[in-house]
Amino acid sequence: MTSPYGLEGRVAIVTGASRGIGRAVAEALVRAGARVCVTARDAGAVRRTVQELGAAVGLAGTVADPAHLRELTGLALREFGRIDIVVNNAATNQPYGPLMDADPDGWREAFTVNVEAPLRLVQCAWRGWMAEHGGSVVNICTEGAGHVGPQVGAYGTSKAALLHLTRQLAGELAPKVRVNSVSPGLVRTEMARFVWEGAEETLGAGLPLGRLGEPDDIAEAVLWLASDAARWITGADLLVDGGTRVRAAHTSGAQAYAVHDQLRARRP
Ligand SMILES: NC(=O)c1ccc[n+]([C@@H]2O[C@H](COP(=O)([O-])OP(=O)(O)OC[C@H]3O[C@@H](n4cnc5c(N)ncnc54)[C@H](OP(=O)(O)O)[C@@H]3O)[C@@H](O)[C@H]2O)c1
């Protein structure tokens, strides 16, 4: 059956594709007809992912290493002959804790993996294919980059930088390449396990859409943005958060009304 996204013949690179959101994105791309080139650090997990996905090749390594990113794009070009889509999904949420205690190495690692690696991979794809033939990039940011989060200052700051990198690249690479981002709310994956484990029902019930996110919820949005269905969209951030921001706005709105009521009660 032809996919509504028309990705037959297209090739995508997905980082951090061995589990969680990246894995769901790679599966969705293959279902839509694309061939994928995947990476993660654990070689066994990459091997299993390639086998299970089918139309895939993979290379184990860290996105923090520019040489690995060059080899990854080289692999995609050698095996599949093109790179139409790049999904920058791999990330680290370390160092955890107040910024006043953040060690320089951890801070640098957050920016290397979460900001510099996405730029380096797009540079490789641009030079190897996209500058001449065009393409589409989707960066995975986070709903949390929009506000101040306790303990995750380095992560949030790096993801806010990735949001701006998305817009900057969208401006620089148009009209050949569209560059967008998806910002997930809390999704039930390993990375966020320390937040949701044991509190899934309570956290989910607090959201307007009544549950936490699943990797497939994010993958559908990535697939759409990556495809020609989003052909007139670039530099955009798509919030996929079950209404987390709406709830936050509602809460602060309610607080504002409460203050307003108190002030009004004091007026003569
Ligand atoms: N889960 C959430 O609630 C949530 C919310 C907002 C945004 N996000 C974003 O969604 C994206 C995916 O997160 P997730 O929750 O799906 O995480 P996850 O389940 O922990 O999966 C992370 C994936 O990235 C790989 N990875 C990690 N560091 C890497 C590195 N340096 N180089 C190459 N691969 C690396 C991991 O494999 P290896 O360990 O083998 O390398 C794994 O395949 C991230 O950008 C994250 O910031 C997640």
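Remember, predicted model here, so these are calculated numbers, not experimental data. (Residues numbered from 1 in each chain as written. Predicted model: local features only at pLDDT ≥ 70, side-chain atom pairs only at ≥ 80, totals over all residues. Heavy atoms only, no water.)

1. Concerning the packing of helix α4 (residues 104-133) against helix α5 (residues 153-173)
Stated formally: Note on geometry: axes are C-alpha line fits, over the in-contact stretch for helices, and angles between N-to-C directions span 0 to 180 degrees. Here a helix means four or more residues in a row that DSSP labels H or I, a strand means two or more in a row labelled E, and each is numbered from the N terminus. The scheme is simple: roughly parallel for angles under 35 degrees, roughly antiparallel for over 145, roughly perpendicular for 65 to 115, oblique for anything else. We call a crossing left-handed when the near helix sits turned anticlockwise from the far one by less than a right angle, and right-handed when that turn is clockwise. By definition, residues are in contact when any of their heavy atoms lie within 4.5 Å. Throughout this entry, Asp, Glu, Lys and Arg are counted as charged residues, while Ala, Val, Leu, Ile, Met, Phe, Trp, Tyr, Cys and Pro are counted as nonpolar. The remaining residues, Gly among them, count as polar.
Close contact between α4 and α5 brings their axes to 8 Å; oriented N to C, the two are set at 20°. Relative to α5, the element α4 is oriented roughly parallel. Helix-helix and strand crossings are classified by hand; for α4 and α5 the assignment is right-handed. Together, W107, A110, F111, N114, V115, P118, L119, V122 and W126 of α4 and A154, Y155, T157, S158, A161, L162, L165, L169 and L173 of α5 make up the contact between the two elements. Among the residues forming the contact of α4 with α5, the class breakdown is 15 nonpolar, three polar and no charged.

2. Digging into the sheet that holds strand β2 (residues 35-40)
We count it as follows: Two strands are counted as paired when DSSP detects at least two bridges linking them.
With parallel pairing, the seven strands of this open sheet are ordered in space as β3-β2-β1-β4-β5-β6-β7. Of all strands in the sheet, those bounded by a partner on one side alone are β3 (56-60) and β7 (237-240). When strand polarity is set aside, the average angle formed by the axes of neighbouring strands in this sheet is 15°. Inspection of the sheet shows strand β1 (residues 11-15) paired to strand β4 (residues 85-88) by three bridges, in the parallel sense. The residue bridging I13 from the neighbouring strand is V86, located in β4. Along the sheet, α5 contacts β5 (135-140), β6 (177-184) and β7; its crossing angle with β6, the most-contacted strand, is approximately 160°.

3. Structural notes on the site of the ligand
Note the following rule: Throughout this document, a residue counts as near a molecule or strand when at least one of its heavy atoms sits within 4 Å of that molecule or strand. Here a polar contact means two N or O atoms within 3.5 Å. Within protein one must be a hydrogen donor candidate and the other an acceptor candidate, and residues neighboring in sequence count only if both atoms are side-chain atoms. Methods summary: accessible areas were calculated by the Shrake-Rupley approach with a probe of 1.4 Å, and residue burial reflects only the protein chains presented.
Taken together, 28 residues lie near the ligand, and S18, R41, N89, Y155 and T189 sit nearest. Within the side chain of R41, an N or O atom sits 2.7 Å from an oxygen atom of the ligand. In the model, an oxygen atom of the ligand is placed 2.8 Å from a nitrogen or oxygen of the V187 main chain. For the ligand, the protein covers 95% of the area, taking 880 Å² as the surface of the free molecule. For the shell around the ligand, a count of residues per class yields 14 nonpolar, nine polar and five charged.

4. Some details on helix α8 (residues 215-226)
What counts, and what does not: A helix is expected to span 1.5 Å for every residue after the first. To sort residues, take the accessible area from a 1.4 Å probe on protein chains only and compare it with the maximum for the residue type: under 20% means buried, over 50% means exposed, and anything in between is partly exposed.
Between the first and last C-alpha of α8 there are 16 Å, a value that for twelve residues agrees with the 16 Å anticipated at 1.5 Å per step. Along α8, the residues that are buried comprise P215, I218, A219, A221, V222, L223, L225 and A226.

5. Describing the pattern of salt bridges
The line we're drawing: Salt bridge, as used here: a side-chain nitrogen of Lys or Arg that lies within 4 Å of a carboxyl oxygen of Asp or Glu.
The tally for this structure, following the rule as stated, stands at twelve salt bridges. Residue R82 is joined to D84 by a salt bridge in which the shortest nitrogen-to-oxygen separation is 2.9 Å. With a relative accessible area of 8%, D84 lands in the buried category. The salt bridge involving R108 is made with D105; its shortest N-O contact spans 3.0 Å. Of this pair, R108 and D105 both sit in helix α4, three residues apart, which is roughly one turn of the helix. Exposure remark for R108: the relative accessible area of 49% places this residue in the partly exposed category. Look at the salt bridges and you will find they share partners, linking R23, E27 and E52 into a network.

6. Regarding the environment of P215
Along the polypeptide, P215 turns up in helix α8. Take P215: its relative accessible area is 17%, and that puts it in the buried class. Setting aside its immediate chain neighbours within four residues, P215 contacts G20, I21, A24, V187, R188 and T189.

7. Quick look at the packing of helix α1 (residues 20-31) against helix α2 (residues 43-53)
Running from N to C, α1 and α2 point in directions that differ by 25°, and their axes come no closer than 11 Å. In terms of orientation, α1 lies roughly parallel with respect to α2. Between α1 and α2 the crossing geometry is right-handed. Residues R23, A26, E27 and V30 of α1 lie in contact with α2, whose contacting residues are T49, E52 and L53. For the contact of α1 with α2, the class distribution of residues is three nonpolar, one polar and three charged.

Interpretation in functional terms is not warranted from these geometric data alone.
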